[in-house]
Amino acid sequence: MSCDQDAETRHILDCFRDRLKRLVQVEPLLDLLHFLEPDRKDRIKAKFREQGNISAAALLIDEIIQSKNCEQGWSRELITALETVGCKHAAKYVLNSPPEPTEETENDSCVRLIDLLQLTLVNMKTADVCAHCRALGLLTQEDQENIMKLTENQGNIGGARLLLKRLVKNEAGWFSKFLQALEDTEHHELVRELRGEPCNEDEAMSVETVEEGEQSCSAAATETNMDGSMPSLPPVLSANSSLLSEDLDSSVDSSGLGASADNEEIEMYKGEEEDLAEDDDPSEKRKRDIVLRDYQMEVARPALEEKNIIICLPTGSGKTRVAVYITEKHLEMRKQMGQPGKVVVLVNKVPLVEQHYKAEFGRFLKHQYSVERVSGASQLKISFPQIIEQNDIIICTAQILENSLAKAKNGDEDGIKLSQFTLMVIDECHHTKKGGVYNHIMIRFLKQKHQNHLLKKQEKSPVPLPQILGLTASPGVGGAMSQQRAEEHILQICANLDAFTIKTKTFKEEEAKTPFKRIARAEERKEDPFGDVIKKIMDEIHEHAELKPLCEPGTQNYEQWVVQKEQNAAKEENQKVRVCAEHLRQYNEALHQSNTIRMSDAFRFLDKYHNEELKTKSSPDEEGIVTITDTERFLFTLFKDNKAKLQQLMGKPQYENNNLAQLKTNILKEFSTRERARGIIFTRTRLSAIALCQWIQENPKFDEVGVSASYLIGGGDQSLVKPMTAAEQKDVLNKFRDGQINLLIATTVAEEGLDIAECNFVIRYCLVTNEIAMIQARGRGRAEDSSYTLVAEAGSGVAERESVNEYREKMMSKAIAKVCKMNRADYEKKIREFQMQAIMEEKVKIKKKQQKGMMKEPPSKISLSCRQCSVFVCSGEDIEKIENMHHVNVTPQFSKLFTVRENASLQERLLDYETNGVIACKNCGQQWGSMMLYKSIECPCLHIKNFVVTYGTKKKTFSKWSELPIKFTAFDYTQHADLLVEDSGEEDDDMETD
């Protein structure tokens, strides 16, 4: 390069200083920069040791800019060095070839997402993910060695943190590869979380994302709006975070460099802001007045006196509006007192973040206060702590807050503390119970409250805590069978939320707004030849396996019974009973389907299952033939012999269940008698939601009355049915709100929180759970003349269980009234007891977790056998751990027991990368694990869920290796490689002799 070019590079370094200091890896880079004098390098290394990489990188940039003695051509040396140590993203900036603003913005959003979910991500299998990231070109060899060294010295979490910090320094495109690495290493829960899909609940609403790559961080960048226009781009990241801890490109001088990302900066959720503005009166850009009704003001009063309360009002009666009013008055009062005020609004589902912003908090308060919302779907411009600092009101998912609170506890500078808030609003607060994220947050609150009491006794200043405001339509009774237990449940909820009281209102004059309720009983089936054939098949299986069921097939009780039989049979190595139980479970599901959806749907379900099972029994290669046992042959033949009969019967409409006929009558009635009908049908499973939607779309009678139907199911990948993507969910909900769809068939995913005022009828189809779900589902009908109908077969017990829920609802109302009238001293005593119990239980839980990690036994204690055919597989002494993560068996004896197949599940996903094979039992075809390539050596990797573990004298099944308290030996790569070389040498000698 010429002197002019070196001068230009100095100018570029100065302009992109803020971004470069986060992208440069100082330590390995210094070894390759020969143009820097040794004393300058020493100063930079000292800065690295004392203050970390970012400060050292800033000093490095200053030293280069200020140095006038660099040899000509140092620019090229710098760029080459950056590319060599894996800092290709930084090299592009130095070359004055930064990514396009949209690409840069998208990449920054991904970095923020990684940082926001870091607390969850550090629990990954670091060694495993590290190896895959290295293979995908995301890490250099030196990166991998440093990460593994840190993992060895500081544990898995320490290594994971370094891995994440290194990943985000890659050039754009790294995020999709990282998702691929997580998928390859079976971190499916983490992938779903990064894509915004919830992991813990099958039917939880997923985040607004799309399927792959950076799109999952920035869906808005690729999707068009409803009107066909392109949405606004997501914002540039400017984060005070643990991964990128200072402002990014906050003051880039673009002179002579072309357009920078700073020029393209767009506010968060700009598209949504425009939508919000459209809903406002164009002439009204000033403060909106919030006017409460008398009953709303009454329940709000204690909160206006700065007391912690729970507001319990029916769905549609304005709980959230009351919360907005309390928030406004809280901030006004703090301002008058000259004290800072900060409010956080917590929700348990991502779509509610946007709903609360658009319909309530943003609509009424954004003209006088700064209101922001954050979730896994957000394209964040700044870090969460900075969002907290810069805004008055923050609406976010509870998990985002919990992650940041945990960061602060672990000493992370990017964490936040409860003391930073003055008011915390908790929506759907009945979820504040054991195991829930709300409860994790409130346990922190209660611990600090207890600590504050001790501080006061010591005459020290207590740590400030926020005021708590809980909102719910139905706290429920927690399964209570008596009024006393119901009251204890309400007191427990109050204790968990540290509530001074629970405020409610009994409506009399406004009861007309409650949906009209009716139970539509379908006649019992007089004939069910399709079901009779299935039951006959099940009876033959019972006889073959010598099983005597204690309950009627087609019920939930039978499902529980047969699952238990399968688990016990696996432990007892009773292959006949195990495989029979597995087939019985499928037939039981088919019976349930034939009683709620069409017979043809049930048949297709069974046919698909048997076809897939037969595929696993086919010969994988020429080496071995999978054995089909007599029991399996009997089961396959049994279905084959009855297949034609089932097909014949499913084509006869007179034998369909009467529930469908009753449902049809109710739908036609709603759409025939209403001017503009819009309703929701709730059903139990994803399969039934999809099948019912298909049935409606295929029936011309529904089309004649103007029915336009679609289904809405969850985004969790824990079902045989493909989940909906977040984009699909959002599209369906938008069309339902707009009226393009007027009938929604949904699983319980839509029961809570969805605010659809125009919905005027709700049908629960053969579905009864608990009193909370009943109240929530009923509350989806918000229109004046709305109706709530339960469709159930006479004698099924569904209507009776609904009556029980109605009784529990009355029990709940009485319990709330009784708690409200309790003597203050008695109430506070009970609350303290429950709170101390919760704190002690948390301490015991933490202690047990720590003790469990210390208990490890030798591998000779266990042996593994095939879960399906019970053949002995190996002793625990044959199993070794690679990089403290993979459990492999490389013994010659084990290699004779399995065959290797192509990974069909990955092929079905149409992934464009080479996949490792699946190892399966030579005897029965049961999948055992996968074949992994470790440093050019093929290693069979075992998945514990596919085996029965003999532990001492007991047989057990496990879903994760971490559940097994065994200390396995580390894989000896050198020893195994030597053996392979010796074997290869013998083969070469034989070839020379020949």
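Residues numbered from 1 in each chain as written. Predicted model: local features only at pLDDT ≥ 70, side-chain atom pairs only at ≥ 80, totals over all residues. Heavy atoms only, no water.

**Remarks on the overall build of the chain**
- Assigned secondary structure in the chain consists of 37 helices and 24 strands.
- Out of the 994 residues in the chain, the part that is buried amounts to 54%.
- If you take every contact in the chain between residues at least 6 apart in sequence, the share linking residues at least 24 apart comes to 72%.
- Per element, the accessible surface of the chain, about 45,900 Å² overall, is 47% carbon and sulfur. (Helix = DSSP H or I, 4+ residues; strand = E, 2+ residues; numbered from the N terminus. Buried < 20%, exposed > 50% of the residue type's maximum accessible area, 1.4 Å probe, protein only. Contact = heavy atoms within 4.5 Å. Areas by Shrake-Rupley, 256 points an atom, 1.4 Å probe, with all protein chains shown as cover.)

**A few points about empty space enclosed by the protein**
- Counted according to the given criterion, the structure contains 5 cavities of 30 Å³ or more.
- In terms of lining residues, the largest cavity is bounded by Leu13, Leu20, Val24, Leu29, Leu60, Ile61, Ile64, Leu78, Leu82 and Val94.
- Listing elements by their share of the lining of the largest cavity, those giving two or more residues are α5 (53-66) and α6 (74-84).
- Looking at the lining of the largest cavity, the element that brings in the most residues is α5, giving 3 residues.
- Here the residues of the lining of the largest cavity sort into 10 nonpolar, no polar and no charged. (1 Å grid on protein atoms, 1.4 Å probe; cavity = no way out; pocket = protein on both sides within 12 Å on 5 of 7 lines; lining within 4 Å. Points joined across faces, edges and corners; volume = space filled by probe spheres on them. Nonpolar A, V, L, I, M, F, W, Y, C, P; charged D, E, K, R; others polar.)

**As for unusual backbone geometry**
- Even without a glycine there, the phi angle at Glu306 is positive, about 70 degrees.
- Counting through the fold element by element, Glu306 comes out in the loop between α16 (294-304) and β1 (309-312).
- Under the relative-accessibility criterion, Glu306 is labelled partly exposed at 44%.
- One non-glycine residue, Glu546, adopts positive backbone phi at about 55 degrees.
- Note that Glu546 resides in the loop between α23 (529-545) and α24 (556-571).

**Examining the pairing of strand β21 (residues 937-942)**
- For β21, the buried fraction is high: 5 of the 6 residues fall into the buried class.
- In sequence, strand β20 (residues 927-934) turns back onto β21 through a hairpin of 2 residues, with Lys935 there showing a positive phi of about 50 degrees. (Pairing = 2+ DSSP bridges.)

**Focus on the sheet that holds strand β2 (residues 343-347)**
- Reading across from one edge, β3-β4-β2-β5-β6-β1-β7 is the order of the 7 strands in this open sheet, with parallel pairing throughout. Both edges of this open sheet fall to β3 (371-374) and β7 (501-504), since each of them pairs with a single strand only. This sheet shows a mean twist of 20 degrees between the axes of neighbouring strands, independent of strand direction.
- Pairing analysis gives 5 bridges linking β2 to strand β4 (residues 393-397), with the strands arranged parallel. (Axes fitted to C-alpha atoms, helices over the stretch in contact; angles between N-to-C directions.)

**What to know about the pairing of β2**
- For β2, the buried fraction is high: 5 of the 5 residues fall into the buried class.
- Of the two faces of β2, the one holding Val343, Val345 and Val347 and the one holding Val344 and Leu346 are both buried throughout.
- Of the strand pairs in this sheet, β2 and strand β5 (residues 423-426) are connected by 4 bridges, and their pairing is parallel. Within β5, the position partnered with Val343 by the bridge is Leu423.

**So, the pattern of salt bridges**
- Counting across every chain of the model gives 31 salt bridges.
- Between Arg40 and Glu37 there is a salt bridge; the shortest N-O distance is 2.8 Å.
- Residue classification places Glu37 among the partly exposed positions, given a relative accessible area of 23%.
- Between Arg604 and Asp601 there is a salt bridge; the shortest N-O distance is 2.8 Å. With Arg604 and Asp601 both in helix α26 (residues 599-616) and 3 residues apart, this pair spans about one turn of that helix.
- Taken together, the shared-partner salt bridges connect Glu37, Asp39, Arg40, Arg43 and Glu63 into one network. (Salt bridge = Lys/Arg side-chain N within 4 Å of Asp/Glu carboxyl O.)

**Considerations on the nonpolar core**
- Counting 46 residues, the largest nonpolar core has Leu346, Phe384, Leu401, Met424 and Ile426 as its most contacted members.
- Tallying contributions element by element places helix α22 (residues 483-496) first for this core, with 6 residues.
- The residues that make up this core include at least three from each of domain 3 (304-474) and domain 4 (516-523 + 657-817).
- Leave out the neighbours within four places in its chain, and Leu346 touches Cys396, Ala398, Leu401, Met424, Val425, Ile426, Asp427, Tyr438 and Ile441.
- Membership of the second largest hydrophobic core comes to 38 residues, among which are Ile696, Val732, Leu733 and Ile741. (Core = buried A, V, L, I, M, F, W, Y, C linked by side-chain atoms within 4.5 Å. Domains from an automatic or database assignment.)

**Overview of the side chain of Ser594**
- Tracing the backbone shows Ser594 in helix α25 (residues 575-596).
- The contact partners of Ser594, leaving out residues within four places of it in the chain, are Arg525, Phe530, Ala602 and Asn657.

**A short note on the sheet that holds strand β23 (residues 954-956)**
- Here we have 4 strands laid out as an open sheet, ordered β15-β14-β22-β23, and antiparallel in their pairing. In this open sheet, the two edge strands, each paired with only one partner strand, are β15 (872-875) and β23. Shown here is a sheet whose adjacent strand axes are inclined to one another by a mean of 25 degrees, direction ignored.
- By the bridge criterion, 5 bridges tie strand β14 (residues 862-866) to strand β22 (residues 947-951) in an arrangement that is antiparallel. In the strand pairing of β22, Ser865 is matched with Val948.

**Thoughts on α5**
- With 14 residues, α5 should cover 20 Å at 1.5 Å per step; its first-to-last C-alpha distance of 20 Å lies within 8% of that length.
- The buried fraction of α5 is high, at 11 of 14 residues.
- Buried residues of α5: Asn53, Ile54, Ala56, Ala57, Ala58, Leu59, Leu60, Ile61, Glu63, Ile64 and Ile65, and no others. (Expected span 1.5 Å × (residues − 1).)

**Points about the environment of Glu306**
- Remark: the alpha-carbon pair of Glu306 and Leu469, spanning 163 residues in sequence, is separated by 9.7 Å.
- Here Glu306 is in contact with Met333 and Gln467, once residues within four sequence places are set aside.

**Structural notes on α24**
- Counted at 1.5 Å a residue, the expected span for α24 with its 16 residues is 22 Å, and the 23 Å between its end C-alpha atoms agrees.
- Buried residues along α24 sit against α23, α25 and β22.

**What to know about the packing of aromatic side chains**
- Applying the stated criterion to the full structure yields 12 aromatic pairs.
- Centre to centre, the rings of Phe603 and Phe639 are 6.5 Å apart; their planes meet at 20 degrees, and the pair counts as stacked. A residue pair is termed long-range when its members are at least 10 positions apart, and Phe603 in helix α26 and Phe639 in helix α27 (residues 630-650) qualify at 36 residues. For the pair Phe603 and Phe639, a shared accessibility class is recorded, and that class is buried.
- Geometrically, the ring pair formed by Phe671 and Phe761 is edge-to-face, given 5.7 Å between the ring centres and 85 degrees between the ring planes. Of the two residues, Phe671 sits in helix α28 (residues 658-673) while Phe761 sits in strand β12 (residues 761-765), which places them 90 residues apart along the sequence. (Phe/Tyr/Trp six-rings, centres within 6.5 Å; stacked < 30°, edge-to-face > 60°.)

**Regarding the side chain of Glu880**
- One can find Glu880 in strand β16 (residues 880-882).
- Buried charged residue Glu880 carries no salt bridge. Nearest counter-charge: Lys881, at 13 Å.
- Apart from residues no more than four positions distant in its own chain, Glu880 is found in contact with His886, His887, Val888, Val890, Thr969, Ala970, Phe971 and Asp972. (Lys, Arg positive; Asp, Glu negative; His and termini not counted.)

**So, the confidence of the model for the chain**
- Here the chain shows a mean pLDDT of 77. Residues at 70 or above account for 78%.
- Segment residues 770-774 is flagged for pLDDT under 50; beyond a separation of four residues in sequence, or across chains, it makes 20 contacts in the model.
- Scored below 50 in pLDDT, residues 776-783 shows 43 contacts in the model against residues more than four places distant or in partner chains. (pLDDT = per-residue confidence, 0-100.)

**A word on the packing of helix α11 (residues 141-154) against helix α12 (residues 156-167)**
- In the contact formed by α11 and α12, the axes pass within 6 Å of each other and the chain directions differ by 155 degrees. As far as their axial angle goes, α12 and α11 are roughly antiparallel. Here α11 and α12 pass one another in a crossing that is right-handed. Across the interface between the two elements, Asp143, Asn146, Ile147, Leu150, Thr151 and Gln154 of α11 pack against Asn156, Gly158, Gly159, Leu162, Leu163 and Arg166 of α12.
- Among the residues making up the contact of α11 with α12, the classes are represented as 4 nonpolar, 6 polar and 2 charged. (Parallel < 35°, antiparallel > 145°, perpendicular 65-115°, else oblique. Left-handed = near helix turned anticlockwise from the far one by under 90°.)

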